[in-house]
Amino acid sequence: MNLSPESSKFDSITVTLAKEKVAARFPEAIARLGSLVRIPGIAWDAFPAEDLERSATAVAELLTSTGVFETVEVRRATYGNDKVGAPAVVARRAARNGRPQILLYAHHDVQPPGDKSEWKTPEFEPTLMDGRIFARGAADDKAGIIAHVTAIQSLVDLAGPDFEIGLSVFVEGEEEAGSPSFRAFLDQNRDILEADVIVVADSANWTTTIPALTTTLRGLVSQEFEVRTLDHAVHSGMYGGPIPDAMTAMIRLLATLHDENGNVAVRGLVEGKAAELEYDEAALRTDSGLLDGVELIGDGSILDRIWTKPALTVIGIDGMNVATSSNTLLPAVKAKVSMRIAPGQEPAEALTALRRHLSENAPFGARVEFGEVELGKPFKADDSGWAKQLASGALSAAFGNESVDIGIGGSIPFIADLVQVFPNAQILVTGVEDADSRAHSPNESVHLETLRGAMVAETLFLAKGNELRIN
Ligand SMILES: [Zn+2]
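As the structure is a computational prediction, the values presented were derived from the model and not from experiment. (Residues numbered from 1 in each chain as written. Predicted model: local features only at pLDDT ≥ 70, side-chain atom pairs only at ≥ 80, totals over all residues. Heavy atoms only, no water.)

Engineer: Is there a simple way to explain the packing of aromatic side chains in this structure?
Structural biologist: Ring pairs (aromatic) are described by centroid distance and by the angle formed between their planes. Within this structure, the stated rule accounts for eight aromatic pairs. For the ring pair F170 and F185, a centre distance of 4.8 Å and an interplane angle of 5° mean the geometry is stacked. With F170 in strand β8 (residues 166-172) and F185 in helix α4 (residues 182-188), this residue pair connects regions lying 15 residues apart in the sequence. For the pair F170 and F185, one class covers both residues: buried. Site record: aromatic cluster; members linked through ring pairs are Y105, F170, F182, F185 and F414. Sitting over the face of the ring of F163, R93 holds its NZ or CZ atom 3.8 Å from the ring centroid. (Phe/Tyr/Trp six-rings, centres within 6.5 Å; stacked < 30°, edge-to-face > 60°. Helix = DSSP H or I, 4+ residues; strand = E, 2+ residues; numbered from the N terminus. Buried < 20%, exposed > 50% of the residue type's maximum accessible area, 1.4 Å probe, protein only. Lys NZ or Arg CZ within 6 Å of the ring centre and 35° of its normal.)

Pasting the structure below:
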């Protein structure tokens, strides 16, 4: 189903109403964010499991208090050999009269606080400073939970308690620990999670005032391999000259992986174009710690290079270490290369391309043998779906600035699981963060006006969805 351009726009009366409803709920929302932040639920074995439990219970209570759900429960998935996942909260209210079912995702676990001495405010005490609330989890991702809850309340305020859009909620409790039971959880709770649209509120806006949808994520292909030239090590004085050593062969092979400008030279990899947004090269240099005089590599805009083109890094080499080295020709050397692959590329194809390159470019007829592989799928949002158009329209209306499509150079692994388990669902990656939110670092914070904008946008999205008949 496609929306006409007009129907993804919001008239000013609706926008004003939504802003008023959110404004009326905002003080309560901030107090609730504070209560959640004070529960340090961390899904690492080294931290108390009771905190994670309390955190899940608190989220379930928030969802129950909205009064709109048929079911609200804390559930855990079983996976692997009798392992049990962290407590997640699920809720559901079925769609009626052909309205869409929307799944709202966030996570209630947080990163460990890190180095406490670097925090300017107590790490688990919400502190208001310069229009932002500072605390671990204040942004990532407890603000995501509060945005969902407040949008649901505001929807009730706008459309009444008998609204017809379907709502499912999934607030997982182990995202920061790599979501080990995520796939199993989806499989075991498919009935409650099934939806037409999945809103993943765990990403960022472009700035505090320019909203964004994250529409692309890069995938990953890593490959371990060995280069061998000899069946055993030999004396370099007796054989050096005519006999190639494996380290030299490996280095020459690795050097073929980029062209002279630093672009990835593996043939057959997908490349795309990122949105044309201002990106500050000086900030990139400072943030990454690039030394003065060292050049950036690759062609295209910086955002193309980070979001929509492949990148390749040699992340490990096992040869001989310097301290124990002797005058010997090494027979074999192992390396691991890691590629970030562009949205739209199948990991298996990229792996084939990489292997072909390594096999074809091995110098001196050296043998190449492949070992362990890791594959992660990239993500590219379906631009043509009604949900994307509606969400961009809602964000633009809520913030008063045109919403932009952004990418992430890394991946959010569980997005690939969502795509696989719910192939027909449209996935929207939204968020409450901005460039200064410092998720995972000391002094994490959420910008209050950005959070408010996210709530208004989600309210508008749900209110408009409540008028759509799609089934
Ligand atoms: Zn997160």
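Engineer: I tried to follow the environment of A332 on my own but got confused; where do I start?
Structural biologist: With respect to the element layout, A332 can be found in strand β15 (residues 332-341). Spatially, the C-alpha atoms of A332 and A249 are 9.4 Å apart, while their sequence positions differ by 83 residues. Setting aside its immediate chain neighbours within four residues, A332 contacts E226, V227, R228 and A246. (Contact = heavy atoms within 4.5 Å.)

Engineer: Where do I start with unusual backbone geometry in this structure?
Structural biologist: Keep in mind that most residues, glycine aside, have a negative phi and that most peptide bonds are trans. Omega for the bond connecting D140 with D141 falls within 30 degrees of zero, at 5°, which places this linkage in the cis form. Along the chain, D141 falls in the loop between β7 (132-134) and α3 (142-159). If you check the backbone angles, R438 has positive phi at about 50° while not being a glycine. Topologically, R438 is positioned in the loop between β19 (426-433) and β20 (445-447). A positive phi is found at H440, a non-glycine position, where the angle reads about 75°. Assignment of secondary structure puts H440 in the loop between β19 and β20. Its relative accessible area of 42% is what places H440 among the partly exposed residues.

Engineer: How should I be thinking about the layout of surface pockets in this particular structure?
Structural biologist: Empty pockets left among the atoms are what a rolling probe the size of a water molecule brings to light. Here the largest pocket defines a volume of roughly 1300 Å³. Around the largest pocket, the lining is made up of 39 residues, and of these S203, A204, G407, I408 and E433 lie nearest the centre. Those elements that place two or more of their residues in the lining of the largest pocket are β9 (197-204), α8 (281-288), α9 (302-308), β18 (404-408) and α12 (413-421). Along the lines of polarity and charge, the residues of the lining of the largest pocket split into 15 nonpolar, 14 polar and 10 charged. Mapped onto the domain boundaries, the lining of the largest pocket takes at least three residues apiece from domain 1 (5-216 + 378-465) and domain 2 (219-275 + 297-376). (1 Å grid on protein atoms, 1.4 Å probe; cavity = no way out; pocket = protein on both sides within 12 Å on 5 of 7 lines; lining within 4 Å. Points joined across faces, edges and corners; volume = space filled by probe spheres on them. Nonpolar A, V, L, I, M, F, W, Y, C, P; charged D, E, K, R; others polar. Domains from an automatic or database assignment.)

Engineer: Explain the packing of α3 against helix α13 (residues 448-465) here, please?
Structural biologist: For any two helices packed against each other, the geometry is given by the interaxial angle and the distance between the axes. Where α3 contacts α13, the axes come no closer than 8 Å and their chain directions differ by 45°. With respect to α13, the element α3 is oriented oblique. Seen from above, α3 lies across α13 with right-handed handedness. Mapping the contact onto sequence places A143, I146, A147, H148, T150, A151, I152, S154, L155 and L158 in α3 and L451, M455, E458, T459, L462 and A463 in α13. In terms of residue class, the contact of α3 with α13 is made up of 11 nonpolar, four polar and one charged. (Axes fitted to C-alpha atoms, helices over the stretch in contact; angles between N-to-C directions. Parallel < 35°, antiparallel > 145°, perpendicular 65-115°, else oblique. Left-handed = near helix turned anticlockwise from the far one by under 90°.)

Engineer: What should I look at first to understand α13 in this one?
Structural biologist: Helical geometry note: an α-helix holds 3.6 residues per turn, so side chains three or four residues apart project in the same direction. Under the 1.5 Å per step criterion, the end-to-end length of α13 is 26 Å for 18 residues, consistent within 8% with the ideal 26 Å. Among the 18 residues in α13, 16 count as buried, and that is most of the element. (Expected span 1.5 Å × (residues − 1).)

Engineer: I tried to follow the nonpolar core on my own but got confused; where do I start?
Structural biologist: If you look at soluble globular proteins, the nonpolar side chains tend to sit buried side by side. Judged by nonpolar contacts, the single largest core of 68 residues is most densely connected at I102, V446, L451, L460 and F461. In terms of residues, this core owes the most to one element, α13, which gives 10 residues. Setting aside its immediate chain neighbours within four residues, V446 contacts L33, G131, R132, I133, A138, A139, A143, V432 and L451. Judged by nonpolar contacts, the second largest core, of 28 residues, contains A77, F170, F182 and I198. (Core = buried A, V, L, I, M, F, W, Y, C linked by side-chain atoms within 4.5 Å.)

Engineer: Help me understand the pattern of salt bridges in this model?
Structural biologist: Pairing between side chains of opposite charge can happen when their charged atoms approach one another. In the structure shown here, the tally under the stated rule is 19 salt bridges. With a closest N to O distance of 3.0 Å, E125 and R38 form a salt bridge. Here the residue E125 occupies a position in the loop between β5 (101-107) and β6 (127-129), and R38 occupies one in the loop between α1 (12-37) and α2 (49-65), the gap between them amounting to 87 residues. Given the relative accessible area of 42%, R38 is considered partly exposed. A single salt-bridge network, built from bridges that share partners, covers R25, E28, R32 and D157. (Salt bridge = Lys/Arg side-chain N within 4 Å of Asp/Glu carboxyl O.)

Engineer: Would you mind showing me how to read the packing of α1 against α13 here?
Structural biologist: Interaxial distance between α1 and α13 falls to 9 Å at its minimum, and their mutual angle equals 125°. Between α1 and α13, the angle is such that the two are oblique. By crossing handedness, the relation of α1 to α13 is classed as right-handed. Contact with α1, carried on its side by T14, V15, A18, K19, V22, A23, F26, A29, I30 and L33, involves L448, L451, R452, M455, V456, T459 and L460 of α13 and no other residues of that element. Classifying every residue of the contact of α1 with α13 by side-chain character gives 13 nonpolar, two polar and two charged.

Engineer: What's the story with the domain arrangement of the protein chain in this structure? I'm lost.
Structural biologist: Put simply, an interface is often sized by how much accessible area is lost when its parts join up. For the protein chain, the assigned domains are domain 1 (5-216 + 378-465) and domain 2 (219-275 + 297-376). Each of domain 1 and domain 2 has a C-alpha centre, and the two are 39 Å apart. At the interface, 12 residues of domain 1 touch 13 residues of domain 2. Between domain 1 and domain 2, a total of about 860 Å² is buried, with carbon and sulfur atoms accounting for 67% of that surface. Applying the counting rule to domain 1 against domain 2 returns zero salt bridges. Run the count over domain 1 and domain 2 and you get one residue pair in polar contact (both at pLDDT 80 or more). At the level of elements, β17 (379-380) and β18 are the ones that each hand at least two residues to the side of domain 1 that touches domain 2. Here the side of domain 1 that touches domain 2 is built from residues that sort into five nonpolar, five polar and two charged. (Buried area = accessible area lost by both parts, 1.4 Å probe. Polar contact = N/O pair within 3.5 Å; in protein donor to acceptor, adjacent residues only side chain to side chain.)

Engineer: How should I be thinking about the coordination of the zinc ion in this particular structure?
Structural biologist: Ideal coordination angles are 109.5 degrees for a metal with four donors arranged tetrahedrally and 90 or 180 degrees for a metal with six donors arranged octahedrally. At 1.9 to 2.7 Å from the zinc ion lie its protein donor atoms, namely H107 (NE2), D140 (OD), D202 (OD) and D202 (OD). The site at the zinc ion holds four donor atoms, and with the angles between them running 53 to 149°, its shape is irregular. For the zinc ion, the donor residues sit on a single chain with the sequence spacing H-x32-D-x61-D. Of the two residues, D140 is situated in the loop between β7 and α3 and D202 in strand β9; the sequence distance between them amounts to 62 residues. Grouping residues by exposure puts D140 and D202 together as buried. (Donors = N, O, S within 2.8 Å, 3.2 Å for Na, K, Ca; no water. Tetrahedral: all angles 85-135°; square planar, octahedral: opposite > 155°, others 65-115°.)

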